[in-house]
Amino acid sequence: MSSAVFLSLLLVLSCQQQATSGSHVRSNQSGVGLAGQPSSHHTLAMMFQNSNDECDVVMNLSAVDRCAFVKRTPDCKMEDGFINYLYVAFCLLPPNLTPLTITLCIIWLLFLFVILGLTASKFFCPNLSAISTSLHLTHNVAGVTFLALGNGAPDIFSAMAAFSHPHTAGLAVGALFGAGIFVTTVVAGSVALVKPFAVASRPFLRDVIFYMAAVFWTFLMLYRGTTTLGETLGYLSLYVVYVLTVIISACIYNRQKHSMNASVRNVAHIPEFHSSDSSDDDIPCLTPGGTIQQDYESEYRPLLPYSESTSQILLSSLNPVDNRKWRRKSWRWRVLKVLKTPLEVLLLLCIPVVDPDKEDKNWRRPLNCLHLITAPLVCVLTFQSGIYGHHMIQGEFPVWLLTLLLGLFLSAIVFCTTTNDCPPKYHPLFALLGFVVSAVLISTAASEVVSLLHMLGVVLSLSNTVLGLTLLAWGNSIGDCFSDITIARQGYPRMAISACFGGIIFNMLFGVGLGCLMQMVQTHSDVQFEPEGLLTWILAGSLGLSLVLSFIIVPLCQFHLGRTYGIFLLVFYAIFLLIALLTEFGEIRIV
């Protein structure tokens, strides 16, 4: 709803801008009318020469010339994405239906965000958790690597998709900086309002310092307008240093805790050992394999042995609705679940999920055999917007048909050599398959989001940066906002505040770093940044200022985050958003 309201407001403001600019253009044309009116082809040529981002000037043309301009301008042809949204907006739909076009785009954008959220939460994250369990990683290592990747997958893949083209790089910068401000102000402020608490001092300072370093390094790259391969690799290595710092600090804390407990082991009363690094001490085990969950599920186990048939296993595996949860939830949750069920069924048909906490590891023999057919086929048809779907081997045999035949062969072997009750020894490999397929789908959906937002920016005469810091940042962060607030209401605010700062460091470093590496591989040259005027510097400066203020204010408050601090963060974000919008619409400019 916030995205729809925001777009409606932008539509009104942009229409006013276009009306003003249109009247200005008409007055200029009337002034030269005596000398002769320039042709539309001459106007197109002049606009093509005088604009750095050629497609942005299409709204300055008359409605009759827009379709021809979109067709002949290379910048309007988006290679990443299944749909050319600019062609749809200016060639397929009539000009008088622009509000309808924007409304349909809003609906499709919300649907793409649902795809991103469902794929990341239901498939990408569980398979990453299964992979980390199979590799026997510790909680600290898994939290700052696989868990961070799972939580930040939509942000990272959106940034990588935006960085693939120089004219959409502003979306990535706006989204990463905008999500950083949103999470560190709105989400953190909401957590402080819901549940005032004392934050763990050393982990908080560690995360803020590393995030400030990442923001400052990104600011330097934007200021210089370029980055080299060595600097990009160093930029990515900053996260490696962060991971090592987390692991070393956890080892030091555990050693101190064990030594303290050993020294007082023979004392009748053992005092509780408090440390500022014990950010997770008040967090119970929330994994599905916990004791509470096992006891709850044991109540619903059949008293007598019961064996399902293969068809029953397949049908039950494709049912995303839990009857027990359905009875407990509110009607709003049920309505949303009904709307998401068709999409969840399609994803269940394509992506396997391995759950190490279950007795059978979530082994579903008929469905997993079907995954060996559908999963590789989905990867071929969706990777890089389906470019390999039409590829022919030696001009005769399509790649998708070869993938289908290999999938049928492997599926038949697995089905004939396994049983319904016992998972095979190679079942953890299905987690790797699910990870790859979900990553490809997230990347594809992210590319569509970037292409769609670029079209909205052209239609509404908005920069990519403002769309990135609002719609893209809100869409990728709204799930984290609700989940962190829910965790805080349940009495675990330290977990929520740790998620606020820990995840965005990973998103910033890997979103920008991997995006730059991809562009270097494609262009075989250094990455060139094109900051979109004053708004980029306001965005970077606001994020840096919010981190500096938190770095100063929180220690002065003795690391107690109260409601006053929460209100301060929310007001800070409101002021930042107001300044950003006034800058975008030209009310604030450099004299």
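Data block above holds the structure.
Summary of the structure given here. Remember, it's a predicted structure, so these values are computed and weren't measured experimentally. Each residue is numbered by its place in its chain's sequence as written, counting from 1. In view of the model being predicted, local features appear only for residues whose pLDDT reaches at least 70, and side-chain atom pairs are presented and counted only at 80 or more, with totals across whole chains, interfaces and linings using the full set of residues. Derived side-chain values reflect all non-hydrogen atoms in the structure, with water molecules and hydrogen atoms excluded from consideration.

**Focus on the overall build of the protein chain**
Basically, it comes down to this: Put simply, DSSP H or I for four residues or longer makes a helix, DSSP E for two residues or longer makes a strand, and each gets a number counted from the N terminus. Each residue gets one of three labels from its accessible area relative to the maximum for its type: buried under 20%, exposed over 50%, partly exposed in between, using a 1.4 Å probe on protein chains only. Contacts are assigned to residue pairs with any non-hydrogen atoms lying within 4.5 Å of each other. Where accessible areas are quoted, they stem from the Shrake-Rupley method and a 1.4 Å probe; at the residue level, only the protein chains shown are allowed to cover.
On a plain count of helices and strands, the protein chain comes out with 22 helices and six strands. By residue count, 46% of the 591 residues in the protein chain fall in the buried class. For the protein chain, long-range pairs separated by at least 24 residues make up 79% of all intrachain contacts whose partners lie at least 6 apart in sequence. With the model as given, the accessible surface of the protein chain reaches about 29900 Å², and the carbon-plus-sulfur share is 66%.

**Some points on the environment of proline 203**
Following the sequence through the fold, proline 203 ends up in helix H10 (residues 201–224). With 298 residues separating them in the primary sequence, proline 203 and phenylalanine 501 have C-alpha atoms 9.8 Å apart.

**Focus on the state of the cysteines**
Heads up, the condition is: Note on disulfides: each one is a pair of cysteine sulfur atoms within 2.5 Å.
Under the counting rule described, the total for this entry stands at one disulfide. Between cysteine 379, a cysteine without a disulfide, and cysteine 350, which holds the nearest cysteine sulfur, the sulfur-to-sulfur distance is 9.4 Å. Using a relative accessible area of 15% as the deciding quantity, one classes cysteine 379 as buried. Free cysteine: cysteine 416, not disulfide-bonded; nearest cysteine sulfur from cysteine 369 at 8.5 Å.

**Some words on a positive patch on the surface**
The criterion, for reference: A residue counts toward a patch only above 30% relative accessible area and without a salt bridge, and it is joined to like-charged neighbours within 9 Å or, for Val, Leu, Ile, Met, Phe, Trp and Tyr, to nonpolar neighbours within 5 Å. Counted as salt bridges are all cases of a side-chain nitrogen of Lys or Arg within 4 Å of a carboxyl oxygen of Asp or Glu. The charge count treats Lys and Arg as positive and Asp and Glu as negative. His and the chain ends do not count. Charge positions come from single atoms, namely NZ of Lys, CZ of Arg, CG of Asp or CD of Glu.
A contiguous patch of positive charge on the surface is contributed by Lys122, Lys325, Arg327, Arg328 and Lys329. No other element matches the three residues that helix H14 (residues 323–328) contributes to the positive patch. Counting through the fold element by element, arginine 328 comes out in helix H14.

**Observations regarding the nonpolar core**
Stated precisely, the cut-off is as follows: Buried residues of nine kinds, namely Ala, Val, Leu, Ile, Met, Phe, Trp, Tyr and Cys, make up a nonpolar core once their side-chain atoms join them within 4.5 Å.
Judged by nonpolar contacts, the single largest core of 130 residues is most densely connected at Phe90, Met455 and Met508. Non-local contacts of phenylalanine 90, meaning those with residues more than four positions away in its chain, are made with Val58, Met59, Arg66, Cys67, Val70, Val458 and Val459. Counting residues in each nonpolar core, the second largest holds nine residues, with Ala130, Ile131, Cys369 and Phe430 among its members.

**Observations concerning empty space enclosed by the protein**
As a reminder of what qualifies: Here a cavity is any set of points on a 1 Å grid over the protein atoms alone where a 1.4 Å probe fits but cannot get out, and a pocket is any open set with protein on both sides within 12 Å along at least 5 of 7 lines; a residue lines the site when it has an atom within 4 Å of a point. Grid points are joined across faces, edges and corners, and a volume is the space filled by probe spheres set on the points. Polar here means any residue outside two lists: the nonpolar Ala, Val, Leu, Ile, Met, Phe, Trp, Tyr, Cys and Pro, and the charged Asp, Glu, Lys and Arg; Gly therefore counts as polar.
Per the counting criterion, the structure on display carries five cavities of 30 Å³ or more. Estimated volume of the largest cavity: approximately 100 Å³. In terms of lining, the largest cavity is formed by Met59, Ala63, Arg66, Ala89, Phe90, Leu93, Pro95, Thr98, Thr101 and Val459. Within the residue set of the lining of the largest cavity, elements represented by two or more residues are helix H3 (63–72), helix H4 (85–92) and helix H5 (98–134). Considering only residue class, the lining of the largest cavity consists of seven nonpolar, two polar and one charged. Empty space within the second largest cavity amounts to approximately 80 Å³.

**Some thoughts on the side chain of glutamate 448**
On the secondary structure map, glutamate 448 appears in helix H18 (residues 429–459). Apart from the residues lying within four places of it in its own chain, the contact partners of glutamate 448 are Gly81, Phe82, Ile83, Tyr85 and Leu112.

**What to know about the pattern of salt bridges**
The final tally for this structure, using the stated rule, is five salt bridges. Its salt-bridge partner being arginine 324, residue aspartate 322 comes within 3.5 Å of it at the nearest N-O pair. For lysine 337, the salt bridge is made with glutamate 344, and the minimal N-O distance between the two is 2.9 Å. As far as burial versus exposure is concerned, lysine 337 and glutamate 344 are alike and both buried.

**Section: the packing of H4 against H18**
The cut-off we apply is this: Axis geometry follows a simple rule: fit a line to the C-alpha atoms, using only the stretch in contact for helices, then measure angles between N-to-C directions, giving values from 0 to 180 degrees. Should an angle fall under 35 degrees it is taken as roughly parallel, and over 145 as roughly antiparallel, whereas 65 to 115 is taken as roughly perpendicular and any remaining angle as oblique.
It is at 8 Å that the axes of H4 and H18 come closest, and there the two elements cross at 40°. Between H4 and H18, the crossing angle belongs to the class labelled oblique. Here Tyr85, Leu86, Ala89 and Phe90 of H4 come into contact with H18, specifically with Glu448, Ser451, Leu452, His454, Met455, Val458 and Val459. Residues of the contact of H4 with H18, tallied by class, amount to eight nonpolar, two polar and one charged.

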